[in-house]
Amino acid sequence: VSLDDNLLLTQIQAIIKREYERVQAEKSEEGIKLYGLLAGMFGGRAQMDGKWYAEMAKKYEIEDVSCLGAEFLFNRDGSNVQQHFFYNDVDGIASFDHFMETYKKSAGWTIEEKGTFAIITKQKGSKKVVIYANKPQAEDEGMQDISKELKEKKVERIVAVHRGHSYHAGKTIENITSTASIVFMGSCGGYNNISGVLDKSPKAHIIATKGTGTMLVNDPLLLMLN
């Protein structure tokens, strides 16, 4: 709700209230929720019927999703744990190699080989990023081994990163936990999977590709994020 035109705001709010009253009269539960949420968004910027809009804002309170606090990014031990999902095809192998090379060339990152997967870590003060990435040639085994290790260490996967073609996205989504704060869907048309991601992790913030996914964009972007 970033409109600055008060006349336009007044017109929009008049329409929302009128439509809310219409669906309320029709006893349309979905319509009431929809227009109730829309009305709630204008609670602090009502240009008309301020009392009604204030009541709607309380009734249909919307969580602020414009930012993500650090408390949702780090576990109690100060670790930001990530799982990156790679798949066993030509592009998946090339993407994994490029991904690993990115961190080998970046200062401060350590890489530990664990057979079917790798752990990439960087510490800064009391905070650290810990990335678990399965080797694409060990697609299933690597994902299973990572899940086992994370379970044994009793850590949460705070960030989930899909690094494969769009037809592999379903498998990544199956493995996303409800505690994921950020989900990165880097495949072609990754934004088409937003609904599926939110079904698994309703509060996740999602970074998704709209056009063609490429490691030449994903790797630098993920490194900057980390």
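Preceding this paragraph is the structure being described.
Predicted model, so just to flag it, every value in this text is computed and none were measured.

Next up on the list: unusual backbone geometry. The general pattern is negative phi for most residues beyond glycine and trans for most peptide bonds. Non-glycine residue aspartate 49 carries a positive phi angle of around 45°. The residue aspartate 49 is located in the loop between α2 (29-41) and α3 (50-59) in this model. Exposure remark for aspartate 49: the relative accessible area of 35% places this residue in the partly exposed category. The backbone phi angle of lysine 154 is positive, close to 55°, even though this residue is not glycine. Relative to the helices and strands, lysine 154 resides in the loop between α5 (139-153) and β5 (159-163).

Ranked by size, the top nonpolar core spans 18 residues in total, and within it Phe96, Phe99, Met100, Tyr103, Trp109, Ile120 and Ile131 carry the most contacts. Counting only elements with at least two residues in this core, the list comes to α4 (90-104), β3 (117-124), β4 (127-134), β5 and β6 (182-185). Here the element with the most residues in this core is α4; it accounts for four residues. Discounting residues that sit within four places of it in the chain, isoleucine 120 has contacts with Phe99, Met100, Tyr103, Trp109, Thr110, Ile111, Val129, Val130 and Ile131.

Locating asparagine 218 in the fold gives a position in helix α8 (residues 215-225). A distance of 3.1 Å separates the side chain of asparagine 218 from the backbone oxygen of glycine 186, its partner in a polar contact. Those residues within four positions of asparagine 218 in sequence are excluded, and the remaining contacts are Arg163, Phe184, Gly186 and Thr209.

Summarising the element assignment, threonine 209 is placed in the loop between β7 (205-208) and α8. Residue class for threonine 209 comes out buried when judged on its relative accessible area of 14%. Note: C-alpha distance between threonine 209 and leucine 68 (141 residues apart in sequence) is 20 Å. Every residue in contact with threonine 209, bar those within four places of it in the chain, is listed here: Met185, Gly186, Ser187, Gly189, Gly190, Tyr191 and Asn218.

The next subject is the packing of aromatic side chains. With the rule as written, the count across this model stands at eight aromatic pairs. For the ring pair phenylalanine 86 and phenylalanine 96, a centre distance of 5.2 Å and an interplane angle of 85° mean the geometry is edge-to-face. Within this pair, whereas phenylalanine 86 is found in strand β1 (residues 79-86), its partner phenylalanine 96 is found in helix α4, the two being separated by ten residues in sequence. No difference in accessibility class separates phenylalanine 86 from phenylalanine 96, as the two residues are buried. For the pair phenylalanine 99 and tyrosine 103, a centre-to-centre distance of 5.3 Å together with 65° between the ring planes defines the contact as edge-to-face. Of the two residues, phenylalanine 99 and tyrosine 103 both sit in helix α4, four residues apart, roughly one turn of that helix. Against the face of phenylalanine 74 rests lysine 127, its NZ or CZ located 5.3 Å from the ring centre.

One simple way to see leftover space: roll a probe sized like a water molecule over the atoms. Roughly 430 Å³ of volume is contained in the largest pocket. Along the wall of the largest pocket there are 22 residues; nearest its centre are Glu63, Leu68, Phe72, Lys203 and His205. Split into classes, the residues belonging to the lining of the largest pocket amount to eleven nonpolar, six polar and five charged. Computed from the structure, the second largest pocket encloses a volume of approximately 270 Å³. Taken together, 16 residues make up the lining of the second largest pocket; nearest its centre are Asp91, His165, Gly213, Thr214 and Met215.

The next thing to look at is the pairing of β5. By the criterion of burial, β5 is predominantly enclosed, with five of the five residues buried. Side chains Val159, Val161 and Arg163 of β5 all project onto a buried face; the interleaved residues Ala160 and His162 project onto the opposite face, where all are buried too. As judged from the five bridges shared by β1 and β5, these two strands associate in the parallel manner. Bridge pairing in β5 links glutamine 82 to valine 159.

Below, the discussion takes up a nonpolar patch on the surface. Taken together, the side chains of Ile207, Val217, Leu221, Met224 and Leu225 present a nonpolar region at the surface, about 460 Å² in accessible area. Looking at which element gives the most residues to the nonpolar patch, the answer is α8, with four residues. Position of isoleucine 207 relative to the elements: it lies in strand β7. Assessed through its relative accessible area of 31%, isoleucine 207 is described here as partly exposed.

Cut-offs and rules
Residues numbered from 1 in each chain as written. Predicted model: local features only at pLDDT ≥ 70, side-chain atom pairs only at ≥ 80, totals over all residues. Heavy atoms only, no water. Helix = DSSP H or I, 4+ residues; strand = E, 2+ residues; numbered from the N terminus. Buried < 20%, exposed > 50% of the residue type's maximum accessible area, 1.4 Å probe, protein only. Core = buried A, V, L, I, M, F, W, Y, C linked by side-chain atoms within 4.5 Å. Contact = heavy atoms within 4.5 Å. Polar contact = N/O pair within 3.5 Å; in protein donor to acceptor, adjacent residues only side chain to side chain. Phe/Tyr/Trp six-rings, centres within 6.5 Å; stacked < 30°, edge-to-face > 60°. Lys NZ or Arg CZ within 6 Å of the ring centre and 35° of its normal. 1 Å grid on protein atoms, 1.4 Å probe; cavity = no way out; pocket = protein on both sides within 12 Å on 5 of 7 lines; lining within 4 Å. Points joined across faces, edges and corners; volume = space filled by probe spheres on them. Nonpolar A, V, L, I, M, F, W, Y, C, P; charged D, E, K, R; others polar. Pairing = 2+ DSSP bridges. Patch = residues over 30% accessible without salt bridge, like charges linked within 9 Å, V, L, I, M, F, W, Y side chains within 5 Å. Areas by Shrake-Rupley, 256 points an atom, 1.4 Å probe, with all protein chains shown as cover. Salt bridge = Lys/Arg side-chain N within 4 Å of Asp/Glu carboxyl O.

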